[in-house]
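Overview (structure and organization)
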Amino acid sequence: MKVKIMSTKSRNYFLDNYKAFLILLVVIGHFIEPCYTNNLFLTFLKWIIFSFHMPAFIFISGYFSKKEMGLAKLIQKLVIPYFVFELLYYFLYVFVIHKETGLYFNRPKFSLWYLMALFFWRIITPYFKKIPGNILIAVTGGLLIGFTQLGNFFSIPRTLFFYPFFLAGYYFQESWFDIVRRKWKYFTAGWAGIALVLGGWVLLTGNKLSPLIFYGRYSYEDMDLTNGWGLLIRLACYGISFCVLFGVCVIIPRKQHFYSILGVRTMSIYLFHGLMYSILKAGHVLEKVDTPLETCLLLGFCILLTFALATELPFRFVTWISSFPVRLPKCPLKSKKSTV
């Protein structure tokens, strides 16, 4: 039985289904974090997920950001939910799981960095797009930020690292997806070639690389890389992510399915799943997952949790906190020149 999402016939179920697939990977990617080194399957799954899931998610966010949104609307949709969930995480950490933390808003907790980054991307893109060669500049910024040690401060490293994907999505046209589907072999070949090069480097260096190279948060020094190798590997990460996010288009259904609702309600899933993850991680449950049965149970739990967080209650809460009226002071009118 299909879930009715919208009455309009213009609904793009391809993108809904793609977002549904990606938000499920977001949940799985986080929940396997404490245990992905316990068996080969989880290690492989971790690498695959982090090689493209956030780049693809951000790419689609850019695609849906073509229509400019005023500052008041951005504050309503992004800033207010950010502050609400920062408070929720703070109370959870301090009073429930007794994790030492502070109430600060310039260092996003867990996955809230995405709201902060999305706010900045939507603010600057209408101006940044006017600069010639802006995508090349964005990629250069994403490479150079790896030299710094900013940590999680205002999520600047991730904001710069992932901005090329947002910008690419912003420029992307829906008709181009048809070209991608027809040329899928080229994207697959490109991904395979880059993966072989990167895999060869991993083997030659004694498997020193980790999925952290796709996080965008850590400097080259944090990942024990020289600046030269860090630049090359990060450039390879860009290539892999773009190839995979386009290659995945081939397997995404074009019609509405029961799971399409997940793609409509990604925000409630994204914001709430981290709270559950933090509780389970504090109880040291996730790090014990090892056997095939435990792995299957964990993946099954992630699927059920994703659907649970797409139900009415979480969705309505996020909709509610994203609907508070925001009124910004109007700029004073320019005084008219007096006439004599």
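The written sequence of each chain sets the order in which its residues are numbered from 1. Only residues with pLDDT of at least 70 get local features here, since the model is predicted, and only at 80 or more are side-chain atom pairs given and counted; chain-wide, interface and lining totals rely on the full set of residues. Working from all heavy atoms in the structure, the side-chain values ignore hydrogens and water.

1. Quick look at the overall build of the chain
Of regular secondary structure, the chain possesses 14 helices and zero strands. Here a strand is any run of E in DSSP of at least two residues, a helix any run of H or I of at least four, and the numbering for each starts at the N terminus. Listed by position from the N terminus, the elements making up the chain come as α-α-α-α-α-α-α-α-α-α-α-α-α-α. Split into buried and exposed, the 340 residues of the chain put 47% on the buried side. Considering only contacts in the chain between residues 6 or more positions apart, those separated by 24 or more positions represent 80%. Summed over its atoms, the accessible surface of the chain is roughly 18200 Å², and 68% of this surface lies on carbon and sulfur atoms. When a residue's accessible area, from a 1.4 Å probe over protein chains only, is under 20% of the maximum for its type it is buried; when over 50% it is exposed; and in between it is partly exposed. The contact definition used throughout considers only heavy atoms, calling two residues in contact when any of these lie within 4.5 Å. Using a 1.4 Å probe, accessible areas were evaluated by the Shrake-Rupley method; residue-level cover was limited to the displayed protein chains.

2. A short note on unusual backbone geometry
Leaving glycine aside, a negative phi is the common case for residues, and trans is the common case for peptide bonds. Of note in this structure, H98 is not a glycine but carries a positive phi near 55°. For H98, the location among the structural elements is in the loop between α4 (71-96) and α5 (113-128).

3. Side note on the packing of aromatic side chains
Note on aromatic contacts: the rings of Phe and Tyr and the six-membered ring of Trp form a pair at centre separations within 6.5 Å, being stacked when their planes are under 30 degrees apart, edge-to-face when over 60 apart, and tilted otherwise. One pass over the structure, following the stated rule, counts 43 aromatic pairs. Their ring planes at 80° and their centres at 5.4 Å tell us that Y63 and F64 sit as a pair that is edge-to-face. Given a relative accessible area of 11%, Y63 falls into the buried group. Overall, F64 belongs to the partly exposed group, its relative accessible area being 45%. Grouping aromatic residues by their ring pairs yields a cluster made of F57, F59, W113, Y114, F161, F162, F165, F172, Y238, F242, F246 and Y270.

4. Remarks on the pattern of salt bridges
Each reported salt bridge corresponds to a side-chain nitrogen of Lys or Arg within 4 Å of a carboxyl oxygen of Asp or Glu. Following the criterion strictly, the structure yields five salt bridges and no others. Residues R265 and E312 are paired through a salt bridge, measuring 2.7 Å at the closest nitrogen-oxygen approach. One end of the pair, R265, is in the loop between α11 (260-264) and α12 (266-282); the other, E312, is in helix α14 (residues 312-321), and 47 residues separate them in sequence. Exposure remark for R265: the relative accessible area of 12% places this residue in the buried category. A relative accessible area of 36% means that E312 is categorised as partly exposed. Here the salt bridges share partners, and the residues they tie into one network are R265, E312 and R316.

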